[in-house]
Amino acid sequence: QLPLVESGGGLVQPGGSLRLSCAPSGTLLGFYTIGWFRQAPGKEREGVSCSHAINRNTYYADSVKGRFTISRDDAANTVYLQMNSLNSEDTAVYYCAVMDTRRTQQCSLEPVYDVWGQGIQVTVSS
């Protein structure tokens, strides 16, 4: 079983919204630094957003800034990526990933995370 499971993806029309969820297995997500990444066909994987477990600093890729929001629900042991005003450029497989917080003082949009989910498809199309 994969330790991270993404959910909430699917097909959405341009301008619509989706909320992706990432849930771990066997650990408390609040202790880990989280990253969301995506990979479109024929393109390299890119960082979308991240959140540090201790200082709670967050970063967003310029392409999603103002439209996407990363958040945590410690009670539900889940991290979310709220995606609004979606457009065709957001079509990709989205991955959540976690990093041991002790490795870093801030989160990173580089693919340096320790554990990755299997990915979930987001398709924005009319």
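So, here's what we can say about the structure. Computed from a prediction, not measured in an experiment: that's the story for all the values here. (Residues numbered from 1 in each chain as written. Predicted model: local features only at pLDDT ≥ 70, side-chain atom pairs only at ≥ 80, totals over all residues. Heavy atoms only, no water.)

One pass over the structure, following the stated rule, counts two disulfides. In this model Cys 50 forms its disulfide with Cys 107; the gap between the sulfur atoms is 2.0 Å. Between Cys 50 and Cys 107 the sulfur-sulfur dihedral comes to about 60 degrees; the bridge is accordingly right-handed. Of this pair, Cys 50 sits in strand 5 (residues 46-51) while Cys 107 is found in the loop between strand 9 (92-100) and strand 10 (115-116), placing the two residues 57 residues apart along the sequence. (Disulfide = S-S within 2.5 Å. Helix = DSSP H or I, 4+ residues; strand = E, 2+ residues; numbered from the N terminus.)

It is worth spelling out the pattern of salt bridges at this point. A full pass over the atoms with the stated rule returns seven salt bridges. A salt bridge links Asp 90 to Arg 67; its shortest N-O distance comes to 2.8 Å. A residue pair is termed long-range when its members are at least 10 positions apart, and Asp 90 in the loop between strand 8 (78-83) and strand 9 and Arg 67 in the loop between strand 6 (58-60) and strand 7 (68-73) qualify at 23 residues. For the pair Asp 90 and Arg 67, a shared accessibility class is recorded, and that class is buried. One salt-bridge network, in which partners are shared between bridges, spans Arg 38, Glu 46, Arg 67 and Asp 90. (Salt bridge = Lys/Arg side-chain N within 4 Å of Asp/Glu carboxyl O. Buried < 20%, exposed > 50% of the residue type's maximum accessible area, 1.4 Å probe, protein only.)

Each aromatic ring pair is specified by the distance between its two centres and by the angle formed by the two planes. Following the criterion strictly, the structure yields three aromatic pairs and no others. Between Phe 37 and Tyr 113 the ring centres are 5.4 Å apart and the planes differ by 75 degrees, which places this aromatic pair in the edge-to-face class. Taken together, the residues Phe 37 in strand 4 (residues 32-39) and Tyr 113 in the loop between strand 9 and strand 10 connect sequence positions 76 residues apart. Given a relative accessible area of 0%, Phe 37 falls into the buried group. Members of the aromatic cluster, each reached through a chain of ring pairs, are Phe 37, Tyr 113 and Trp 116. Taking the ring centre of Tyr 80 as reference, the NZ or CZ of Arg 19 above it sits at 4.3 Å. Over the ring of Trp 116 we find Arg 45, and its NZ or CZ is 4.9 Å from the ring centre. (Phe/Tyr/Trp six-rings, centres within 6.5 Å; stacked < 30°, edge-to-face > 60°. Lys NZ or Arg CZ within 6 Å of the ring centre and 35° of its normal.)

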